[in-house]
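Listed here are the chains, written in short residue letters.
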Amino acid sequence: IARTCALLGTYFALAGVLLVARIPWVERGVGHDRLVTWNRKLAPYSLYLIGLHVLFVLIGYAGEEHISLYKELWKLLTQYPWMWGAFLGFYLMVQAGVTSYKKTRAKLSYESWWLIHTFTYIAIAASMMHQIQNGPMFLNHPLNQAYWIALYAFVAFSIVVWRVGVPVWKSIRHDLKVDRVVVEGPGVISVIIRGRSLLKLGAEGGQFFNWRFAQRGHFLLQHPYSLSAAPTSKYLRITVKDLGDHSRDLIHIKPGVRVFMEGPYGAFTKNRATRKHVLLVGGGVGITPVRAIAEEFGDGVNIDLIYRASTPEEVVLKDELDYLAEKYGDSFNVHYLVGNRNQHPMNAKSILKLAPYFADSDVYVCGPEGLVSAVGQAAKEVGIPKNRVHHEEFEFHSKA
């Protein structure tokens, strides 16, 4: 039982890492948020299985040798090769598992959460050799060993190529640098990034990149921010709200600072639409990818855009949205809903008053989890199938 748990748990861990390896054709076909959701659902089973492996190994060997569990643990750690690495790996996986629970995650900054989960790579790597050196299913079984090592090698190759090599090469090739920082409103700034031949990145409005800025305090950790305008050949723009140390300090980024990016990611793009009517819903700073995708649609469809904000101060990019509405005329309608949920409920009845063609629309929504859920429920009530509801949840558990 212990060995079976170990094999399954490790396989799930490797599969989970592969889901977030940022392999381009997988990202485009499935969608980044869905891949991250699958990873999040798979990860606990991996941890439970590896935990059971540790427990059953201790019970089995301690029972066979008639000694206490703590003595058996010490014996395993000191007398078998690579066991300290396995112990470190298990400890790091437990840390990642504990900080994934919603209540714990709410107490952590995104920076701390990201760093802890990055150590998961070390955890998986540190556990490999004790399997090969101690596992009866691998000892004297070269074919089994070759298969297991190949699994690790394939996952490691995917991470090194797609999450390190290609992003660094693209960033240097396109010569990405900060052009300027613009204050959009209280606690909200835009960073305009310049480069060359940026359309070759293949980015679309609605997608996001993971960003690093080569300035003290911003280079070690990467952060995911959506494009807030359709990309051009020379410029990319992100719009960021003050939600923590990193986003708060972005206002101090200096022009000319080199930028490293990873992406583009996400399937929150116009090419998923199948109808001539489109409903775009943005909540708070979730309006940024919605504004970008609205520009991508242009005048080819009829658009209703609903912008939810709690206070007038939270309404950003209003001039740009008004410009798009004026540019495209009757085919582009913007509805500003400023106030609390009781004043502006996002149910089917309320949405139909603003967007009469709601039931025959493709729906795009980005914002807090409550807003995404409410719009999804409204769409279900009017008979919109799931494949016509496209969303990006504005929660950092979907940004790893």
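Since we're looking at a predicted model, the values are computed, not measured.

**Brief notes about the packing of aromatic side chains**
The description of an aromatic ring pair uses the distance of the two centres, along with the angle that the planes make with each other. If you walk through the whole model with that rule in mind, you get 11 aromatic pairs. Here Trp84 and Phe87 contribute two aromatic rings whose centre-to-centre distance is 6.0 Å and whose plane-to-plane angle is 80°, an arrangement assigned as edge-to-face. Residue Trp84 and its partner Phe87 are located together in helix α5 (residues 83–98), separated by 3 residues, close to a single helical turn. Exposure remark for Phe87: the relative accessible area of 40% places this residue in the partly exposed category. Relative to Tyr364, the ring of Phe297 lies with its centre 5.8 Å away and its plane at 75°, an arrangement referred to as edge-to-face. Residue Phe297 is located in helix α11 (residues 287–297), and its partner Tyr364 is located in strand β10 (residues 361–367); the two are separated by 67 residues in the primary sequence. Judged by relative accessible area, which is 11%, Phe297 ranks as buried. For Tyr364, a relative accessible area of 0% corresponds to the buried category. Directly above the aromatic system of Tyr265 lies the positively charged group of Arg22, at a separation of 5.1 Å from the ring centroid.

**What about the sheet that holds strand β3 (residues 208–213)?**
If you walk across this open sheet you meet the 3 strands as β4-β3-β6, and the pairing is antiparallel. Each end of this open sheet is capped by a strand with a single partner; those strands are β4 (223–226) and β6 (259–265). Strand-to-strand twist across the sheet, computed as the mean angle between neighbouring axes with direction ignored, equals 30°. Across 4 bridges, β3 lies against β4 in antiparallel orientation. Opposite Asn210, over in β4, you have Pro224 as the bridge partner.

**Observations regarding the side chain of Thr269**
If you trace the backbone, Thr269 turns up in the loop between β6 and β7 (277–283). A relative accessible area of 4% means that Thr269 is categorised as buried. Here Asn271 takes part through its side chain, which lies 2.7 Å from a polar atom of the side chain of Thr269. Residues in contact with Thr269, not counting those within four places in the same chain, are Glu204, Gly205, Gln207, Ile293 and Tyr364.

**Some details on the nonpolar core**
Inside soluble globular proteins, nonpolar side chains tend to come together where they are buried. Formed by 25 residues in total, the largest nonpolar core has its most connected members in Leu280, Phe297, Leu305, Tyr307 and Phe332. Residue contributions to this core peak at 5 residues, all from α11. Aside from chain neighbours lying at most four places away, what touches Tyr307 is Gly282, Gly284, Ile287, Glu314, Val315, Val316, Leu321, His335, Tyr336 and Leu337. Judged by nonpolar contacts, the second largest core, of 21 residues, contains Ile189, Trp211, Tyr225 and Met261.

**Side note on a nonpolar patch on the surface**
There is a patch of nonpolar side chains on the surface, built from Ile1, Leu52, Leu55, Phe56, Ile59 and Leu69 and spanning about 540 Å² of accessible area. Per-element tally for the nonpolar patch: the top contributor is helix α3 (residues 32–65), with 4 residues. By the element assignment, Ile1 lies in the segment before α1 (2–19).

**Concerning the pairing of β6**
In summary, the side chains of a regular strand alternate between the two faces of the sheet. Burial within β6 is extensive, with 7 of its 7 residues counted as buried. Two elements, β3 and β6, share 5 bridges in a ladder whose sense is antiparallel. Each bridged residue has a counterpart across the sheet, and for Phe208 the counterpart in β6 is Tyr265.

**Let's talk about the pattern of salt bridges**
With the rule as written, the count across this model stands at 12 salt bridges. We note a salt bridge from Glu262 to Arg163, for which the minimum N-O separation is 3.1 Å. Of the two residues, Glu262 is situated in strand β6 and Arg163 in helix α9 (residues 142–173); the sequence distance between them amounts to 99 residues. Pair check on accessibility: Glu262 and Arg163 agree, each one buried.

**A short note on the packing of α1 against α3**
Between α1 and α3, whose axes approach to 7 Å, the crossing angle comes to 155°. Between α1 and α3, the interaxial angle falls into the category roughly antiparallel. In the crossing of α1 with α3, the sense of the turn from one axis to the other is left-handed.

**Section: the packing of helix α4 (residues 69–79) against α5**
In contact at an axis separation of 7 Å, α4 and α5 are set at 120° when each is read in the N-to-C sense. When the interaxial angle is binned, α4 and α5 end up oblique. On α5, the residues touching Trp74, Leu76 and Leu77 of α4 are Met83, Trp84 and Phe87. When its residues are assigned to classes, the contact of α4 with α5 shows 6 nonpolar, no polar and no charged.

About the cut-offs
Residues numbered from 1 in each chain as written. Predicted model: local features only at pLDDT ≥ 70, side-chain atom pairs only at ≥ 80, totals over all residues. Heavy atoms only, no water. Phe/Tyr/Trp six-rings, centres within 6.5 Å; stacked < 30°, edge-to-face > 60°. Helix = DSSP H or I, 4+ residues; strand = E, 2+ residues; numbered from the N terminus. Buried < 20%, exposed > 50% of the residue type's maximum accessible area, 1.4 Å probe, protein only. Lys NZ or Arg CZ within 6 Å of the ring centre and 35° of its normal. Pairing = 2+ DSSP bridges. Axes fitted to C-alpha atoms, helices over the stretch in contact; angles between N-to-C directions. Polar contact = N/O pair within 3.5 Å; in protein donor to acceptor, adjacent residues only side chain to side chain. Contact = heavy atoms within 4.5 Å. Core = buried A, V, L, I, M, F, W, Y, C linked by side-chain atoms within 4.5 Å. Patch = residues over 30% accessible without salt bridge, like charges linked within 9 Å, V, L, I, M, F, W, Y side chains within 5 Å. Areas by Shrake-Rupley, 256 points an atom, 1.4 Å probe, with all protein chains shown as cover. Salt bridge = Lys/Arg side-chain N within 4 Å of Asp/Glu carboxyl O. Parallel < 35°, antiparallel > 145°, perpendicular 65-115°, else oblique. Left-handed = near helix turned anticlockwise from the far one by under 90°. Nonpolar A, V, L, I, M, F, W, Y, C, P; charged D, E, K, R; others polar.

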